[in-house]
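One-letter residues, chain by chain:
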Amino acid sequence: MKISYAFAAAIAMLSSSVFASSNENITIGLITKTDTNPFFLKMKEGAMLGATVHGVKLLTAAGKEDQDYASQIEAIHSMVAAGATTLLITPSDAKAIVPALDEVRAKGVQVIALDSPTDPISAVDALFATDNYKAGELIGQYAKAAMPLTFPGQPLKIAMLDLSPGHLVGARRHNGFMKGLGLPAAGADTAELSNAPEILCSGYSQGAEKQGHDVMADCLKTHPDINLVYTINEPAAAGAYLALQEAGKEKNAMILSVDGGCAGVKNVREGKIAATAQQYPLTMTAMGVDAAVAYARHGKKVSGYVDTGVTLIADKPMPGLESKDTQAGLNACFGAK
């Protein structure tokens, strides 16, 4: 998506000093939340691709589960001890990993957060990520336009399948969705989840299919008339659809999600998800590797936030909303090569 731009930007930032005599001597670390979520697997693929292109050494590690920040802290120290001059990380806990990042940055290591910001954001040199508030807003706008056409005359009865308590990415998607839907919504800088009378039930899915299923199944026990389901990501959406299907209500509710992975886009094509907001994790890590090589060779760190893009994917376009169909989504899923 933006790999060529990122490389050009990295080259533009080069200084005249030389940090390494050859790329073979450069070591980069990638630390993701898990090694099971397709989103993070695509990140790893992007990093491996970038490492091959540049001829550098890549170290990888991941938590055992989404909130396993202890494994991430261990990987931070072990990778720097192994010679990594740049760490690319998707923080499992925005605050808990900050002391470890402060320690290695004090030693001159460049740290780039991917997808998820730290708290404070200044704990890293740069953030390469989706505009998650915009991603939520896009699917909210789609729901606002599509619900009256799909379920005419029905009031909104919403189930919210969020990420985890206090998670900024999850809050941004949640609150952006509500803004797009036209409900009261907090801004992008809070980890608090906005609420409204239209939300009949909610729960934390941890971004996983099983938990998504369980939250949705519990919602249906008390609110069988749910007609709109927001999910933090597509694994949670798959779980929600299964719960609706088990209850014989899969045609009674619209599911919206965020991710744009290949499996998720196929679920849009099959009608299990009405629309999704596609993000590009392969692009994030490819940009990260470019920046890591630039730093190792020339000593110039990147800084600030770089938006890696988001696209609304739907096979039933809504008037006034820019979107692409599932064929375009499959061609670009997760930043496909």
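Everything quoted here is computed from the prediction, not taken from an experiment.

Participant: Got a minute to help me understand the pattern of salt bridges in this structure?
Facilitator: Two side chains of opposite charge can pair, provided their charged atoms sit close to one another. On inspection of all chains with the given rule, the structure shows 10 salt bridges. Note that lysine 42 and glutamate 45 form a salt bridge whose closest N and O atoms lie 3.1 Å from each other. Note that lysine 42 and glutamate 45 are positioned in helix α2 (residues 38-54) at a spacing of three residues, about one turn of the helix. One salt bridge in this structure joins lysine 272 and glutamate 270, with 3.4 Å as the shortest N-O distance. On the basis of relative accessibility, which here comes to 30%, the residue lysine 272 falls in the partly exposed class.

Participant: Before we go on, may I ask you to explain the sheet that holds strand β2 (residues 57-62) in this structure?
Facilitator: What links the strands of a sheet is backbone hydrogen bonding, and the strands pair in either a parallel or an antiparallel sense. Strand order in this open sheet of six strands is β2-β1-β3-β4-β5-β11, and the pairing throughout is parallel. The open sheet has two free edges, formed respectively by β2 and β11 (304-307), since each of these has just one partner strand. Direction aside, the axes of adjacent strands within the sheet are offset by 20° on average. In the sheet, strand β4 (residues 110-114) pairs with strand β5 (residues 126-129) via three bridges, with the strands oriented parallel. In the strand pairing of β5, isoleucine 112 is matched with alanine 126. Contacts between α2 and the sheet are confined to β1 (27-32), β2 and β4, with β1 contributing the most and set at about 175° to the helix. Against the sheet, helix α10 (residues 281-298) makes contact with β1, β3 (86-89), β4, β5 and β11, and its axis sits at roughly 170° relative to β4, the strand it touches most.

Participant: Help me understand the state of the cysteines in this model?
Facilitator: Two cysteines whose sulfur atoms are joined by a covalent bond form what is called a disulfide. If you walk through the whole model with that rule in mind, you get two disulfides. The residue that forms a disulfide with cysteine 201 is cysteine 219, at a sulfur-sulfur distance of 2.4 Å. Looking down the S-S bond of the cysteine 201 and cysteine 219 bridge, the torsion is 125°, so its handedness is right-handed. Here cysteine 201, found in strand β7 (residues 199-204), pairs with cysteine 219, found in helix α7 (residues 209-222); they are 18 residues apart in sequence, far enough to count as distant. For cysteine 201, a relative accessible area of 10% puts it in the buried group.

Participant: In this structure, what is going on with the side chain of glutamine 110? I would like to understand it.
Facilitator: You can see glutamine 110 is positioned in strand β4. Side chain to side chain, glutamine 110 and threonine 86 meet in a polar contact 2.9 Å long.

Participant: Looking at this model, I keep getting lost on the pairing of strand β8 (residues 228-231). Mind explaining?
Facilitator: Every regular strand shows the same layout, with side chains that alternate between the two sheet faces. On β8, burial covers both faces: Leu228 and Tyr230 on one face and Val229 and Thr231 on the other are all buried. One ladder, built from four bridges, connects strand β6 (residues 158-162) with β8; its direction is parallel. Opposite methionine 160, over in β8, you have tyrosine 230 as the bridge partner. The pairing of β8 with strand β9 (residues 254-259) spans three bridges and is parallel. Counterpart to valine 229 in the pairing with β9 is isoleucine 255. Each parallel crossover has a hand, and the one from β8 via helix α8 (residues 234-246) to β9 is right-handed.

Participant: It is not clear to me how the packing of helix α3 (residues 69-81) against helix α4 (residues 98-105) should be interpreted in this structure. Could you clarify?
Facilitator: In helix packing, the relevant descriptors are the interaxial angle and the interaxial distance, both defined with respect to the helix axes. One can describe the packing of α3 onto α4 by two numbers: an axis separation of 9 Å at closest approach and a directional angle of 10°. On the basis of the axis angle, α3 is roughly parallel to α4. Only Ala100, Leu101, Glu103 and Val104 of α4 make contact with α3, whose side of the interface consists of Ile73, Ile76, His77 and Val80. Broken down by class, the residue content of the contact of α3 with α4 amounts to six nonpolar, one polar and one charged.

Participant: Can you walk me through the nonpolar core in this structure?
Facilitator: Within soluble globular proteins, side chains that are nonpolar tend to cluster in buried spots. Counting 31 residues, the largest nonpolar core has Ile139, Tyr142, Phe177, Leu228 and Leu256 as its most contacted members. Residue assignment for this core shows that the elements contributing at least two residues are α5 (132-150), β6, α6 (168-181), β8, β9 and β10 (275-278). The dominant element in this core, judged by the number of residues it contributes, is α5, at seven residues. When sequence neighbours within four positions are dropped, the list of residues in contact with tyrosine 142 reads Leu256, Ala274, Ala275, Leu312, Ala314, Lys316, Met318 and Leu321. Listed in part, the 23 residues of the second largest apolar core include Met284, Val289, Ala292 and Val302.

Participant: How do you make sense of empty space enclosed by the protein when you look at a structure like this?
Facilitator: Over the atoms rolls a probe the size of a water molecule, and in doing so it shows where empty space is left. The full count for this structure, using the stated rule, is two cavities of 30 Å³ or more. Volume-wise, the largest cavity comes out at about 170 Å³. Taken together, 15 residues make up the lining of the largest cavity; nearest its centre are Asn37, Phe40, Leu163, Arg173 and Asn233. Elements with a minimum of two residues in the lining of the largest cavity: α2 and α6. Taken as a whole, the second largest cavity spans an internal volume of roughly 40 Å³. As for the second largest cavity, its lining consists of Asp162, Leu163, Ser164, Gly166, His167, Gly170, Ala171, Ala191, Leu193 and Tyr204.

Parameters at a glance
Residues numbered from 1 in each chain as written. Predicted model: local features only at pLDDT ≥ 70, side-chain atom pairs only at ≥ 80, totals over all residues. Heavy atoms only, no water. Salt bridge = Lys/Arg side-chain N within 4 Å of Asp/Glu carboxyl O. Helix = DSSP H or I, 4+ residues; strand = E, 2+ residues; numbered from the N terminus. Buried < 20%, exposed > 50% of the residue type's maximum accessible area, 1.4 Å probe, protein only. Pairing = 2+ DSSP bridges. Axes fitted to C-alpha atoms, helices over the stretch in contact; angles between N-to-C directions. Contact = heavy atoms within 4.5 Å. Disulfide = S-S within 2.5 Å. Polar contact = N/O pair within 3.5 Å; in protein donor to acceptor, adjacent residues only side chain to side chain. Right-handed = clockwise from strand over helix to strand, strands pointing away. Parallel < 35°, antiparallel > 145°, perpendicular 65-115°, else oblique. Nonpolar A, V, L, I, M, F, W, Y, C, P; charged D, E, K, R; others polar. Core = buried A, V, L, I, M, F, W, Y, C linked by side-chain atoms within 4.5 Å. 1 Å grid on protein atoms, 1.4 Å probe; cavity = no way out; pocket = protein on both sides within 12 Å on 5 of 7 lines; lining within 4 Å. Points joined across faces, edges and corners; volume = space filled by probe spheres on them.

Limitation: the analysis is restricted to geometry and does not speak to function.
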